[in-house]
Amino acid sequence: MAPVGMLHLCSAIKATKILRFVGILYFLILFQSFTTVTCNTRRIVLGVDGGTESIRACFFDALSGQVVGKPCAVAYDTTHPHAGWAEQNPLDWYRNLGIAVRGALLSVADCQEDFQVVSMAVDTTCCSVVALDESLNPLRPCLLWMDQRAHAQAKQILDQCGGDPALKVNCNGKGPLSAEWMLPKALWIAQNEPDIWERAITICEYQDYINFKLTGALCASACNAGTRWHWNGDECTVEGKGRPMSLYQQLNLSELAEKLPSRCLPMGAVVGGLTKNASEHLGLPIGLPVVQGGPDAFVGMIGLGCIHAGQLCLITGSSHLHCVVTSHPTTAIGTWGAYKSSPLPGINFAEGGQSSTGSLLRWARNIFGSNMLYSDLDEEAMVIAPGADGLVALETFQGQRTPTTDPLAKGALLGLTLSHTRAHIWRALMEAVCYGTRACIEALGAAGHDCDEIILAGGIARSPLWLQMHADVTNKPIVVCENDNAPLLGCAILASVGAGVHKSVDDAVHAMVRVAEKIEPNVETAQTYLRLYREIYSKVPDAVRPVSHACSNM
């Protein structure tokens, strides 16, 4: 079968069968073409994005950041054993990584050029916690980032350790602390699965597990540790430094310091080279440098060029993350951070976040009919006026991050009548996400982190209606970059720096990130949404909170 036919191997089952059929010979030919250097050889880097729903691989020109070939995504399953729980199998991540990379390789082979793969970098979901045995094999499914089971532990940490300096990143120490973070999840495992806890030699994240499988080296990402582990980002790259030992001691959890990776590297540093097994699994050269990545959203900041004070980026996907770079690591109620030396050494950022955004529309689309196209639903909603004829939604289907952190928050549709159609529901859900985004950005502004525009990336960039709606509801211009997949491009930027193609991340961003368009808010529509936001949406979360909490106990 010709290589073009291989591009459909983003179905995991089909991909596995095809690759077995092709056999080793084809990839030996590819390997030769990607490692033989001539005067016309084009240097490329590999970016890998381990997201919530799939793992994606894509090659980029190491100098310009242009996509080479086509990205390939391979889906994996998420299970929800109980309400608020979310789990994935770590073995799926690594297996599907191999399929995705080989799929991307096949598309590169169609470009009829000589290439040299010089490095790779991986980003993953953040707070997807893994317990590994003495052989560094998973002991249980991972607690996915969106898993909310540790809400009682999050409350315990605040109640028991209030005033600890490490907690200042949680709304200036006032909390609440999100159940998504590393410490509450580790405490949950220790309290509820003591056998797993005892057998777990290592507690780490998706990021650390994948890098270990690739290189045989176990290390933490300084960005993960500095933003979600309560480590001091200025110090954590020095072994034994920057760890919140007072927190661990107060929780009788001192052994966590020994279970977490002792080595911690900043994004852009080289973790190690591909092992023989990883080389065979991916179809890439042994020893290929694997450069440290980090949380998908924060790697996405780099892919958007959001690395200077005063810039705010909106990373969209299953969830929304609003990140503003700041010169000073100040903290405030209603925001998380600011985090020291994150996403990169020497800079800081503060954030707001929404747990269910793109996942909310996927849920609705599946109910309306999984065969329906998002674009068709957008078209139907486009003819509905702002405000969805009196229908308002609350987007907190999987808990709430900021400005009020509430793992027990639930979604809602208020104002339903028999005259409302699926187009009204679709528009109301889209508007709810935008209202929630405004609330998060307002909280950041109140903390002193203002912005004049929003740099956006992710799934929303493919919906003109939703893009304009974000501009109108926030009343801020939306900047969309040429490459709307910021995490993948961010990985490519880090990989290029790790390989020495660019001298610094700043240089790489200047060469590899380009603006495609700027969407201005519609003045009249923005005023309509401001009124709806102030008079209706802003009152909904507190109004339904007692009912949502009562539903959690049913």
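Before reading on, note that the structure itself is shown above.
The structure contained in this document is the topic of the report that follows. Once a new chain begins, its residue numbering starts again from 1 and follows that chain's sequence as written. Residues qualify for local features only when their pLDDT is at least 70, as the model is predicted, and side-chain atom pairs are given and counted only at 80 or more; totals for whole chains, interfaces and linings, by contrast, use all residues. Where side-chain values are given, they derive from all heavy atoms of the structure, hydrogens and water being excluded.

**Observations regarding the pattern of salt bridges**
Reasoning step 1: Here a salt bridge means any side-chain nitrogen of Lys or Arg lying within 4 Å of a carboxyl oxygen belonging to Asp or Glu. All told, the structure shown has 22 salt bridges when counted by the stated rule.
Reasoning step 2: Note that R228 is salt-bridged to E351, the shortest N-O span being 2.5 Å. Taken together, the residues span a long stretch of sequence, with R228 in helix α7 (residues 222-228) and E351 in strand β16 (residues 348-354) at a distance of 123 residues.
Reasoning step 3: R228 sits in the buried class, given a relative accessible area of 6%.
Reasoning step 4: Relative accessibility under 20% of the residue-type maximum defines a buried residue, over 50% an exposed one, and the middle range a partly exposed one, all with a 1.4 Å probe and only protein chains included. By relative accessible area, which is 0% here, E351 ends up buried.
Reasoning step 5: With its nearest N and O atoms 3.2 Å apart, the salt bridge here joins K518 to E453. Separated by 65 residues along the polypeptide, K518 in strand β21 (residues 515-519) and E453 in the loop between α14 (422-446) and β19 (454-458) bring together distant segments of the chain.
Reasoning step 6: Residue classification places E453 among the partly exposed residues on the basis of a relative accessible area of 29%. Helix and strand definitions follow DSSP, with helices as H or I runs of at least four residues and strands as E runs of at least two, each counted in order from the N terminus.

**Some thoughts on the side chain of T227**
Reasoning step 1: Mapped onto the fold, T227 is located in helix α7.
Reasoning step 2: Whenever two N or O atoms come within 3.5 Å, that pair is a polar contact, provided that in protein one can donate a hydrogen and the other can accept it, and provided that, for residues adjacent in sequence, both atoms are side-chain atoms. From its side chain, T227 meets the backbone oxygen of C223 in a polar contact 2.6 Å long.
Reasoning step 3: The contact definition used throughout considers only heavy atoms, calling two residues in contact when any of these lie within 4.5 Å. Once you skip the residues sitting within four places of it in the chain, T227 turns out to touch W181, F298, Y339, S342 and F349.

**Structural notes on the packing of helix α13 (residues 374-382) against α14**
Reasoning step 1: Across the interface, α13 lies against α14 with an axial gap of 8 Å and an inter-helix angle of 95°. By the angle class used here, α13 and α14 are roughly perpendicular. Contact with α13, carried on its side by Y374, L377, D378, E380, A381 and M382, involves R422, A423, W426, R427 and M430 of α14 and no other residues of that element.
Reasoning step 2: Of the residues belonging to the contact of α13 with α14, the class tally is seven nonpolar, no polar and four charged. Helix axes are fitted to C-alpha atoms over the stretch in contact, other axes to C-alpha atoms as well, and angles between N-to-C directions run from 0 to 180 degrees. By the definition adopted for this analysis, an angle is roughly parallel if under 35 degrees, roughly antiparallel if over 145, roughly perpendicular if from 65 to 115, and oblique otherwise. Asp, Glu, Lys and Arg are counted as charged, while Ala, Val, Leu, Ile, Met, Phe, Trp, Tyr, Cys and Pro are counted as nonpolar; the rest, among them Gly, fall into the polar class.

**So, the pairing of strand β3 (residues 67-75)**
Reasoning step 1: Pairs of strands are assigned from DSSP output, requiring at least two bridges between the strands. As defined by bridge partners, strand β2 (residues 54-61) adjoins β3 across six bridges and the pair is classed as antiparallel. When the sheet's bridge partners are listed, I55 is paired in β3 with V74.
Reasoning step 2: Turn length for the β2-β3 hairpin, with the two strands adjacent in sequence and antiparallel, is five residues, and the turn residue G65 shows positive phi of about 80°.

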